[in-house]
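Commentary on secondary and tertiary structure
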Amino acid sequence: MIDEITRYKIPIVAIQEVRWLNSGSIQSGNSIIFYSGLQTGRHEKGVGFMIDKAMMNQVKKFVPVNERICYIRIAQQKLDLIILNCYAPTENADDEEKNSFYDTLEATFDVLPKNCIRLIVGDLNAQVGRETSFGQTIRKESWHLTTNNNGQKIIDFYCSKDLIISSTYFPRKNIYKHTWSAPDGKTKSQIDHIIIDKRHKTSIRNIKSYRGADGDTDHYLVVATFVLKLSVKWRKHDPDKVTLWSKTKKSLTKATERLRGKRTKQNENHWFNLECQAAINKRSLARQNMMLNPTEENMSEYSQLRTLANKVIRQQKRAMEKRAIEDIEYYKKEPRLFFKKCRSIKEGFKARTNFITDMNGHIISEPSEIVRKFQEYFEELLNSNNSRTGMDNNGKYEEILHHTAEPELPAPNIEEIEIIIFIFFYFIKAATTKVIGIIYNVNIK
């Protein structure tokens, strides 16, 4: 998926059905993935965002709500952009589950600041028709003629919040309106939507589905062209200094490569080898043939190659895990490394975080800024009059007084110490005499 996103040059991607546990972030290649999933141990549902590493300076906040809803805040020059990612229940789901989802969605949307551009995207599992009774919430460019139950629910919600479904506004061929394809390859539907505030509807210039993106899913890649001005500081640099530094860096890099040789970057996924890549390439070619000519033969071939690709990937993962277990035998004489390897295999994969949050909850990803924040923190912590400090409601450090259950007593003087020693030896002598008496009586008997 990351290769496909890089090929289409999309800086921000909202993803659904992540199926990862808990919430957090990981780095994969040149992308940062934020995710929000279940806490129960079942790999189901899950939503998240895939952000290009070059845009991390503009990411202010990521908030995981639950396994179906999360949102992210992007900095701009005037108004910040908030993207709310949703994964709604299907049409056949229980009414209780649907009502719970829309109640949470409404509660989350209401707490978003109104001085930002609010955008709702995701797999809403809703078919929106072309009815004219809904006013400007939807337009006639929808793929479906009538609205189903889920579509009625989202229309009622968006009408109450003064939102519009932008995915029904742009005239396109039908092949660019489909967002989901059934396993038979013939049934199509438009259930992924992009919604925005009515006052900011002109910010979205284009919405289009791309069938060529192969993410091993039955959904298509939906791309929206959004016009905004990011709040970037690096553009204010002196162009002459930037050019001079680029030339200097290039010269140093060439000289280093001649002396030491070019170092190839090691693949983080040691199990992902050429065999996995070949299986994925065959699957992608079969998918393209199926999209161009959806015959039963092409569909059967794609299904077989997809199963084969997944099988190869699972085999390589298991082989890598087996090799890791066998490698532990070499660390028997080094307990520290031995238990470290055992713990890593037992706990499994853990996401690595490359950023921190400030007191306002804003994300800091710049390494120099992270170092500066830690420097300020330790200066406040170590240079305080009392080493035991805490924060008040205003984020400032204040001294914390610790009290015990008993009042503090003054140090004893010489006379008190002599009395304590006398009492101590008196009880020792009395206890010794008693023990000797008991032993003497036992011997007599």
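Report on the accompanying structure. (Residues numbered from 1 in each chain as written. Predicted model: local features only at pLDDT ≥ 70, side-chain atom pairs only at ≥ 80, totals over all residues. Heavy atoms only, no water.)

1. Re the pattern of salt bridges
Heads up, the rule is: Whenever a carboxyl oxygen of Asp or Glu lies within 4 Å of a side-chain nitrogen of Lys or Arg, that contact is scored as a salt bridge. Strands here mean DSSP runs of E at least two residues long; helices mean DSSP runs of H or I at least four residues long; both are numbered from the N terminus. Residue burial is assigned from relative accessible area. The probe radius is 1.4 Å, only protein chains are included, and a residue is buried under 20% of its type maximum, exposed over 50%, and partly exposed in between.
Taken as a whole, this structure holds 17 salt bridges when the rule is applied. For the salt bridge of Arg-118 with Asp-197, the shortest nitrogen-to-oxygen distance reads 3.4 Å. Highlighted residues: Arg-118 in strand β8 (residues 117–123) and Asp-197 in strand β12 (residues 192–197), separated in sequence by 79 residues. Relative accessible area serves as the criterion here: at 10%, Arg-118 is assigned to the buried category. In this structure Asp-197 comes out as buried when scored by relative accessible area, which is 3%. Here Arg-283 ties to Asp-214 by a salt bridge, and the two come within 3.4 Å at their closest N and O atoms. Of this pair, Arg-283 sits in helix α5 (residues 274–292) while Asp-214 sits in the loop between β13 (204–210) and β14 (221–226); the two residues are 69 residues apart in sequence, bridging distant segments of the chain. You'll find Arg-283 and Asp-214 in the same group, each marked buried.

2. Observations regarding the sheet that holds strand β1 (residues 12–16)
Counted only if it meets this: Pairing between strands is defined by DSSP: at least two bridges between the two strands are required. Note on geometry: axes are C-alpha line fits, over the in-contact stretch for helices, and angles between N-to-C directions span 0 to 180 degrees.
Taken together, the four strands give an open sheet; going across it, the order is β1-β4-β3-β2, and neighbouring strands pair in antiparallel fashion. Strand pairing shows two members of the sheet lacking a second neighbour, β1 and β2 (23–28), which therefore form its edges. Each neighbouring strand pair of the sheet contributes to a mean axis angle of 20°, computed without reference to strand direction. Here β2 runs beside strand β3 (residues 31–36); their pairing, made up of six bridges, is antiparallel. Note on β3: the bridge partner recorded for Gly-24 is Tyr-35.

3. Focus: the nonpolar core
Within soluble globular proteins, side chains that are nonpolar generally end up buried alongside one another. For clarity, the threshold we go by: Think of a nonpolar core as a cluster: buried Ala, Val, Leu, Ile, Met, Phe, Trp, Tyr and Cys residues, connected wherever their side-chain atoms sit within 4.5 Å. Throughout, a residue-residue contact means that at least one pair of heavy atoms, one from each residue, lies within 4.5 Å.
Among the nonpolar cores identified, the biggest contains 27 residues, and Phe-34, Ile-51, Met-56, Ile-72 and Leu-119 are the most heavily contacted of them. At the level of secondary structure, the elements contributing two or more residues to this core comprise β3, β4 (47–52), β5 (59–64), β6 (69–74), β7 (81–87), β8, β12 and β13. If we ignore the near neighbours within four places in the chain, the residues touching Ile-72 are Phe-34, Phe-49, Ile-51, Val-59, Lys-61, Phe-62, Leu-81, Ile-82 and Ile-83. Formed by 25 residues, the second largest nonpolar core is a distinct cluster that contains Cys-116, Phe-134, Ile-154 and Ile-165.

4. Remarks on a nonpolar patch on the surface
Note the threshold: Patch members must show over 30% relative accessible area and no salt bridge, and they are joined within 9 Å when carrying like charges or within 5 Å when they are nonpolar side chains of Val, Leu, Ile, Met, Phe, Trp or Tyr. Working definition of accessibility: Shrake-Rupley area with a 1.4 Å probe, residue cover restricted to the visible protein chains.
Residues Ile-414, Ile-417, Ile-421, Phe-424 and Phe-425 make up a contiguous nonpolar surface patch of roughly 530 Å² in combined accessible area. Tracing the chain through its elements places Phe-425 in helix α9 (residues 414–444). On the basis of relative accessibility, which here comes to 53%, the residue Phe-425 falls in the exposed class.

5. A look at the packing of helix α2 (residues 95–111) against helix α3 (residues 149–160)
Where we set the bar: Angular relationships are summarised with four words: roughly parallel below 35 degrees, roughly antiparallel beyond 145, roughly perpendicular across 65 to 115, and oblique for the angles in between. Handedness of each helix crossing follows the sense of rotation of the near helix against the far helix: counterclockwise by less than a right angle gives left-handed, clockwise gives right-handed. When residue character is reported, Ala, Val, Leu, Ile, Met, Phe, Trp, Tyr, Cys and Pro are called nonpolar, Asp, Glu, Lys and Arg charged, and the others, Gly included, polar.
With their axes 12 Å apart at the nearest point, α2 and α3 run at an angle of 25° to one another. As far as their axial angle goes, α3 and α2 are roughly parallel. Crossing hand, α2 versus α3: right-handed. Counting all contacts with α2, which are made through Lys-98, Asn-99, Tyr-102, Leu-105, Glu-106 and Phe-109, the residues of α3 involved are Asn-149, Asn-150, Lys-153, Ile-154 and Phe-157. Class assignment for the residues of the contact of α2 with α3 results in five nonpolar, three polar and three charged.

6. So, the sheet that holds β6
Pairing in this open sheet of six strands is mixed, and the strands run β5-β6-β7-β8-β12-β9 from one edge to the other. Either end of the sheet is taken by a strand with one partner, and the two such strands are β5 and β9 (163–165). Direction aside, neighbouring strands of the sheet carry axes that sit 20° apart on average. In this sheet, β12 lies alongside β8 in antiparallel orientation, the contact comprising five bridges. From the neighbouring strand, Leu-119 faces β12, where its bridge partner is Ile-196. Contacting β6, β7, β8, β9 and β12, α2 crosses the sheet at an angle of about 175° to β7. Of the strands in this sheet, β8, β9 and β12 touch α3, which is tilted by about 145° from β9.

Nothing here speaks to function; it is all geometry.
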